[in-house]
Amino acid sequence: MKGFKPFGIPKCGVETIKITFEEYESIKLINYDNLPQLEAAKKMNISRPTITRIYNRALKNITKAFVEGKAIIIDGGNYEFDDEWYKCRKCHKLIQGLNNHIKCENCPDYSMEELINLNS
């Protein structure tokens, strides 16, 4: 997933707003994972005041995109991943590293080669 676009507007005709991976992660940890800001800050290895600034900037950018009908592009920032992540094309579950794939109940059996091709 690299971003979102408004429904009903062709991709070529929509303006964009960029949010960084840190902004995305702050929204994910605080709103999706329901973590308090202090715990989210620890997971991101930053201070609580810093996550508040990142989170507030993310909310402002997402709100602007939502109200003004702009696409959101997730890109850039200061980050590093511990492992490679893949997204299942059927159930959309994120999978950390192909060797750690846990077969979802709703997913067919994939060979390692098929997984690589699906997630490339």
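Up top is the structure these notes are about.
Everything numeric in this text was worked out from a predicted model, so none of it was measured.

### Re the layout of surface pockets
A volume near 260 Å³ is recorded for the second largest pocket. Around the second largest pocket, the lining is made up of 16 residues, and of these Phe4, Ile19, Ile27, Ile62 and Ile72 lie nearest the centre. At 5 residues, helix H1 (residues 21–32) tops the list of elements feeding residues into the lining of the second largest pocket.

### What about the sheet that holds strand S3 (residues 71–74)?
Pairing between the strands of a sheet is mediated by backbone hydrogen bonds and can be parallel or antiparallel. Strand order across the open sheet formed by 3 strands is S1-S3-S2, with mixed pairing between neighbours. On the outer flanks of this sheet lie strand S1 (3–4) and strand S2 (16–19), each paired with one strand and no other. As defined by bridge partners, S2 adjoins S3 across 4 bridges and the pair is classed as parallel. Note that in S3 the partner of isoleucine 19 across the bridge is isoleucine 74. Contacting S2 and S3, helix H3 (residues 48–68) crosses the sheet at an angle of about 160 degrees to S2.

Cut-offs applied
Residues numbered from 1 in each chain as written. Predicted model: local features only at pLDDT ≥ 70, side-chain atom pairs only at ≥ 80, totals over all residues. Heavy atoms only, no water. 1 Å grid on protein atoms, 1.4 Å probe; cavity = no way out; pocket = protein on both sides within 12 Å on 5 of 7 lines; lining within 4 Å. Points joined across faces, edges and corners; volume = space filled by probe spheres on them. Helix = DSSP H or I, 4+ residues; strand = E, 2+ residues; numbered from the N terminus. Pairing = 2+ DSSP bridges. Contact = heavy atoms within 4.5 Å. Axes fitted to C-alpha atoms, helices over the stretch in contact; angles between N-to-C directions.

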